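Observations on chain architecture
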Amino acid sequence: MGIRALLSQIYASKFLRHALLAFLIVALFLGGIQLRRWIGESTRHVRYQHDIVNAFYWGSETMKEARRLSPDEASANSLTGFCRGYLALYDRVKHKAYNNDYGLDYPPLRLLVMAIWAREVRNQFPGVDDGHPKLVNPLLKINLLCELLSAVAIFLLVRLCLGRQSRATQSDSLSSLALQHRASICGLAAASVAWLEPSMILDAHGWPQWDVWIMPFYLFAAVAALKNRWFVCGCLLATGAMFKGQLLFVAPFFVLWPLWQKRWNRALGVLAGFISTAAVIASPWLLRTPAAWTALGAVTSFSSLLFLRRELPHRGAWISGIAGCATFAIGAFAGGSFAWLRVGFLYGSEHYPYLVISSCYNLPSLLSKLGWSLKDPFWSVHFGSLDFYLTLQWTLRLLYLGALAVCASGAARQVRDRDPRVLIAITAPWLLMFAQLGQMHERYLVWGAVVSAVALGVSLRLSIIHFIISAASTAMIVHVMLIDKKREARLWAIDLLKHIRGYASVLVLACVAVYLWNTLPMPAFQRRATRSARTPSLSLGPEPEEA
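Let me begin by describing the structure that accompanies this report. Counting restarts for each chain: residues are numbered from 1 in the order of the written sequence. Per-residue local features are limited, in this predicted model, to residues with pLDDT of at least 70; the limit for side-chain atom pairs, both in listing and counting, is 80 or more; totals at the level of whole chains, interfaces and linings are taken over all residues. The side-chain values count all of the structure's non-hydrogen atoms but skip hydrogen atoms and water molecules.

Mapped onto the secondary structure, Pro353 falls in the loop between helix H17 (339-350) and helix H18 (363-369). Between the C-alpha atom of Pro353 and that of Lys375, which follows or precedes it by 22 residues, the distance is 8.1 Å. In this analysis, two residues are considered to be in contact whenever any of their non-hydrogen atoms come within 4.5 Å of each other. With residues up to four places along the chain from it excluded, the contact list for Pro353 reads Leu374 and Gln439. Helix and strand definitions follow DSSP, with helices as H or I runs of at least four residues and strands as E runs of at least two, each counted in order from the N terminus.

Let us look at the packing of aromatic side chains. Here the aromatic set is Phe, Tyr and Trp, taking the six-membered ring for Trp, and pairing holds for ring centres within 6.5 Å; pairs whose planes are under 30 degrees apart are stacked, those over 60 apart are edge-to-face, and all others are tilted. The full count for this structure, using the stated rule, is 20 aromatic pairs. For the pair Tyr57 and Trp58, a centre-to-centre distance of 4.9 Å together with 75° between the ring planes defines the contact as edge-to-face. Exposure is judged per residue with a 1.4 Å probe applied to protein chains only, and the accessible area is read against the type maximum: over 50% gives exposed, under 20% gives buried, and values in between give partly exposed. By relative accessible area, Trp58 is classed as buried at 7%. Judged by centre distance (5.0 Å) and plane angle (45°), the rings of Trp430 and Trp447 are tilted.

Moving on, we get to the nonpolar core. Only buried residues count toward a nonpolar core. Its members are Ala, Val, Leu, Ile, Met, Phe, Trp, Tyr and Cys residues joined through side-chain atoms within 4.5 Å. Core analysis: the biggest nonpolar cluster contains 127 residues, and Tyr218, Phe253, Phe254, Trp257 and Trp430 have the highest contact counts within it. Ranked by residue count, the leading element in this core is helix H20 (residues 422-436), at 12 residues. What Trp430 contacts, discounting residues up to four positions off in sequence, is Ile214, Met215, Tyr218, Gln246, Leu247, Val250, Trp447, Gly448 and Val451. In this structure, Ile201, Ile477, Met481 and Leu482 belong to the second largest nonpolar core, which totals 11 residues.

With that settled, consider the pattern of salt bridges. Any carboxyl oxygen of Asp or Glu that lies within 4 Å of a side-chain nitrogen of Lys or Arg is treated as forming a salt bridge with it. Enumeration over the complete set of coordinates arrives at 13 salt bridges. The residue Arg68 makes a salt bridge to Glu65 at a minimum N-O spacing of 2.5 Å. With a gap of three residues between them, Arg68 and Glu65 both fall in helix H3 (residues 49-69), about one helical turn apart. Salt bridges linked by common partners bring Glu61, Lys64, Glu65, Arg68 and Arg92 together as one network.

Before going further, it helps to examine a nonpolar patch on the surface. On the surface, a nonpolar cluster with roughly 380 Å² of combined accessible area is contributed by Val26, Phe29, Leu30, Leu148 and Val152. Contributions of two or more residues to the nonpolar patch are made by helix H2 (14-42) and helix H7 (137-164). Considering each element in turn, the nonpolar patch owes the most residues, three residues, to H2. The residue Leu30 is located in helix H2 in this model. A patch is a set of surface residues, each over 30% in relative accessible area and not in a salt bridge, joined within 9 Å for like charges and within 5 Å for the nonpolar side chains Val, Leu, Ile, Met, Phe, Trp and Tyr. Method for areas: the Shrake-Rupley scheme with a 1.4 Å probe, in which residue coverage is limited to the protein chains shown.

Within helix H23 (residues 491-499), burial applies to Ala493, Ile494 and Leu497. Within H23, the buried residues cover an arc of 100° as seen down the axis, which keeps them to one side. More than 90 degrees from the buried face of H23, the exposed residues found are Trp492, Lys498 and His499. Our arc is simply the arc of the directions from the helix axis toward the C-beta atoms.

Buriedness for pockets is judged along seven lines, at least five of which must meet protein on both sides within 12 Å for an open set on the 1 Å grid over protein atoms alone, while cavities are sets there where a 1.4 Å probe fits but cannot get out, and lining residues have an atom within 4 Å of a point. Grid points are joined across faces, edges and corners, and a volume is the space filled by probe spheres set on the points. Size it by volume and the largest pocket reaches roughly 1,300 Å³. Lining the largest pocket are 49 residues, and of these Gln246, Gly348, Ser349, His441 and Tyr444 lie nearest its centre. Those elements that provide at least two residues to the lining of the largest pocket are H3, helix H12 (247-250), H17, helix H19 (392-417) and helix H22 (460-484). Looking at which element gives the most residues to the lining of the largest pocket, the answer is H17, with seven residues.

Tracing the sequence through the fold places Asn518 in the loop between helix H24 (501-517) and helix H25 (523-532). For Asn518, a relative accessible area of 1% gives the class buried. If we skip the residues at most four places from it in the chain, Asn518 touches Gln414, Arg421, Ile424, Arg461 and Leu462.

This next bit is on empty space enclosed by the protein. Applying the stated criterion to the full structure yields two cavities of 30 Å³ or more. Counted as a void, the largest cavity has a volume near 60 Å³. Looking at the largest cavity, the residues that line it are Met63, Ala66, Arg67, Ala76, Asn77, Phe82 and Arg119. Listed by contribution, the elements that provide at least two residues to the lining of the largest cavity are H3 and helix H4 (73-77). In terms of residue count, H3 provides more of the lining of the largest cavity than any other element does, three residues in total. Gly is placed with the polar residues, together with every amino acid not listed as nonpolar (Ala, Val, Leu, Ile, Met, Phe, Trp, Tyr, Cys and Pro) or charged (Asp, Glu, Lys and Arg). Taken together, the residues of the lining of the largest cavity sort by class into four nonpolar, one polar and two charged. Lining the second largest cavity we find Met200, Asp203, Asp211, Val212, Met215, Val446, Trp447 and Val450.

Moving on: unusual backbone geometry. Look at the link from Trp207 to Pro208: it is a cis peptide, with omega at -20°. The topology assignment puts Pro208 in the loop between helix H9 (198-206) and helix H10 (215-226). Non-glycine residue Asn228 carries a positive phi angle of around 60°. Within the secondary structure layout, Asn228 lies in the loop between H10 and helix H11 (230-241).

Here the focus is the side chain of Asp91. Take Asp91: it is sitting in helix H5 (residues 79-96). Judged by relative accessible area, Asp91 falls into the buried class, the value being 14%. If we skip the residues at most four places from it in the chain, Asp91 touches Arg288, Ser337 and Ala339.

In structure tokens, the structure reads:
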């Protein structure tokens, strides 16, 4: 009775509730930091050193290029010399590569971060060995910041979707609480699970890798889309893609989403934001002459004059989009360099031409056991002397695009119905990408594992599936780390993870299928809507649009 009385007193006091919530958030934050430190220390003997060495090498190559292009050492060490070496590295790598094997597959912003990091390390430790780069902590702090931002974005995403839900789609859980309180509690639960996601922590602090850098951009892009800030959504997607190109695989989801709603201006807003942001980042390579910058200024001035005079809506987005398209066009015709695109993006898609790269639990892994390979012809058509072959690689890509269109259709429908399952539609692209496409690394499920934490705001069943996906993602990362540093004492674990790969692949595919199914209208929700129609509806905003 004493405990119940204490809980009732805490619930009745607003100050005590807020104090307890603040204590819980601080405890989760500090506990997560301590867990990351412990993971970093305990996995040091199995750390996948190759990625750290590779990052340090290309960062150092930027400084070497700066010294090559500078007249003296002082100029090479200046900020101007650093920028000169950074902007010239892509062209040098492209020109010196043998048989188009560049080695470098970093997009511009990731290369910039690695160059700054290597420069700071070299300044403090001039004689440091390439094979043992020191001061990796700055990169780990960037990982930590991105993990924290991802958890915050998931909290905002879940609270926003649950705060908008209609009475017909409300869950029976926490039904005694007010809607906004329920949304905040579910959002905090989802953010906590994402913050403590084991595969993300292992990937970012045990491996370590830089996969988590794109997570905040995708999640905040989803928040921007739900708030009808489509231009901002495109800007965030383009910025994230400049850190890691895999974001481009799921970015079409945000273009297809408004297209299913027949909101053409919104889809164009996403494209305008994406193109203009990409043009700004790539402009130092594309616009290399004063004439190119003058031409861009003329196009921007003319479009600004045209749109401002007509007082059209979303003028800023249209002007930015036109300026972005003009930047790429001028770069193509005025001697601009696209080496950053060829080396930083296209090479990455060709670097590993294999159906399965390592220990992956997905459809390509099952197909590889059946004897398939990435470039095998899946279907062929003959037109006289012309032969057309559709490879397995493109078959999987087309299937993925179809599934992505289904997710976008579900998101459009669920936003209209104020259905919280829009969170599942936002999660599904990452899961489908890993489950269907070839050339996937085992780490790439970590994105789906993090984003699927939003399922805690939808249903218990989908929340359980999130933890299965999380366990599968963690197991794949552990497998590769153990294989890289084989020890006799760990052979049993390596053999176990190898033998369960087929069963785990089927399990992951089943989980992804459930998430894809939940992006569609479901009879259970329709029956709930019919029952709730007999009771007064809860008004949360404007009425949903007609179909």
